Amino acid sequence: MVSRNQESIQRETIPIEKTVDHFAGPQSAEPKVSWATAPILDSLRRVTMPVLLFNGDAEDCTIDWAYRYIKIFPNAQLCTIPAACHDPWFSDPQQFANRSVQFINEVK
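Everything quoted here is computed from the prediction, not taken from an experiment.

## Thoughts on the overall build of the protein chain
Part 1 of the reasoning: Counting secondary structure elements, the protein chain contains five helices and two strands.
Part 2 of the reasoning: N-terminal to C-terminal, the α/β element order of the protein chain is α-α-β-α-β-α-α.
Part 3 of the reasoning: Counting the 108 residues in the protein chain, one finds 22% classified as buried.
Part 4 of the reasoning: Look at the contacts in the protein chain between residues 6 or more apart in sequence, and 61% of them connect residues 24 or more apart.
Part 5 of the reasoning: Summing over all exposed atoms, the protein chain offers an accessible surface of approximately 8200 Å²; the carbon and sulfur share of this is 56%.

Below, the structure written as structure tokens:
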């Protein structure tokens with residue numbers, strides 16, 4: 001294992017899981033599995049490539065980490081999809097796709 005004071009870069013494998021439920025109506029709770037395996041904060045701060053984050057602004061969506069993540073990534077943009085919650089790409093797949101393609105075209 002490479003120590004932090006060495007100049008070489010070590011690649012770390014970080015498993016990330018996401019539980020996806022198909023449901024009708026607002027989601028009542030955030031799956032916690034993904035938080036237990038999320039990357040450490042220091043590794044996220046080292047991501048210098050452009051990052052596009054999505055969130056929603058639904059009133060009943062109480063867990064929104066997008067505003068915290070936008071401060072972590074040095075080169076991030078945030079797209080808020082109206083009336084969506086934690087998984088806004090399910091609420092408006094077309095807007096998600098359009099904004100994603102726009103972002104990719106901007107940064108390539």
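## A word on the nonpolar core
Part 1 of the reasoning: In terms of nonpolar packing, the biggest core is built from six residues, these being Leu52, Phe54, Cys79, Ile81, Ala84 and Phe103.
Part 2 of the reasoning: Those elements that provide at least two residues to this core are strand S1 (51-56) and strand S2 (76-81).
Part 3 of the reasoning: Excluding anything up to four places from it in sequence, leucine 52 contacts Gln77, Cys79, Arg99, Ser100 and Phe103.
Part 4 of the reasoning: In this structure, Leu44, Val51, Leu53 and Ile72 belong to the second largest nonpolar core, which totals five residues.

## As for the packing of aromatic side chains
Each pair of aromatic rings is reported with the distance of its centres and the angle of its planes.
Part 1 of the reasoning: Summed over all chains, the structure comprises three aromatic pairs.
Part 2 of the reasoning: Through successive ring pairs, a cluster of aromatic residues spans Phe54, Trp89 and Phe96.

## A word on the pattern of salt bridges
Part 1 of the reasoning: As enumerated under the stated definition, the model contains one salt bridge in all.
Part 2 of the reasoning: A salt bridge links glutamate 106 to arginine 99, with the nearest nitrogen and oxygen atoms 4.0 Å apart.
Part 3 of the reasoning: Classification of glutamate 106 by relative accessible area gives partly exposed; the value is 44%.
Part 4 of the reasoning: Classification of arginine 99 as buried rests on a relative accessible area of 14%.

## Side note on the environment of threonine 48
Part 1 of the reasoning: With respect to the secondary-structure elements, threonine 48 resides in the loop between helix H2 (41-45) and S1.
Part 2 of the reasoning: What makes threonine 48 exposed here is its relative accessible area of 59%.
Part 3 of the reasoning: Sequence separation of threonine 48 and proline 74 is 26 residues, and the distance between their C-alpha atoms is 6.1 Å.
Part 4 of the reasoning: With sequence-adjacent residues up to four places away left out, threonine 48 is seen in contact with Pro74 and Asn75.

## Concerning unusual backbone geometry
Part 1 of the reasoning: Positive phi values are uncommon outside glycine, yet alanine 83 reaches one of about 65 degrees.
Part 2 of the reasoning: Topologically, alanine 83 is positioned in the loop between S2 and helix H4 (88-91).

Here is what the cut-offs are and how they apply
Residues numbered from 1 in each chain as written. Predicted model: local features only at pLDDT ≥ 70, side-chain atom pairs only at ≥ 80, totals over all residues. Heavy atoms only, no water. Helix = DSSP H or I, 4+ residues; strand = E, 2+ residues; numbered from the N terminus. Buried < 20%, exposed > 50% of the residue type's maximum accessible area, 1.4 Å probe, protein only. Contact = heavy atoms within 4.5 Å. Areas by Shrake-Rupley, 256 points an atom, 1.4 Å probe, with all protein chains shown as cover. Core = buried A, V, L, I, M, F, W, Y, C linked by side-chain atoms within 4.5 Å. Phe/Tyr/Trp six-rings, centres within 6.5 Å; stacked < 30°, edge-to-face > 60°. Salt bridge = Lys/Arg side-chain N within 4 Å of Asp/Glu carboxyl O.

What is shown is where atoms sit, not what they do.
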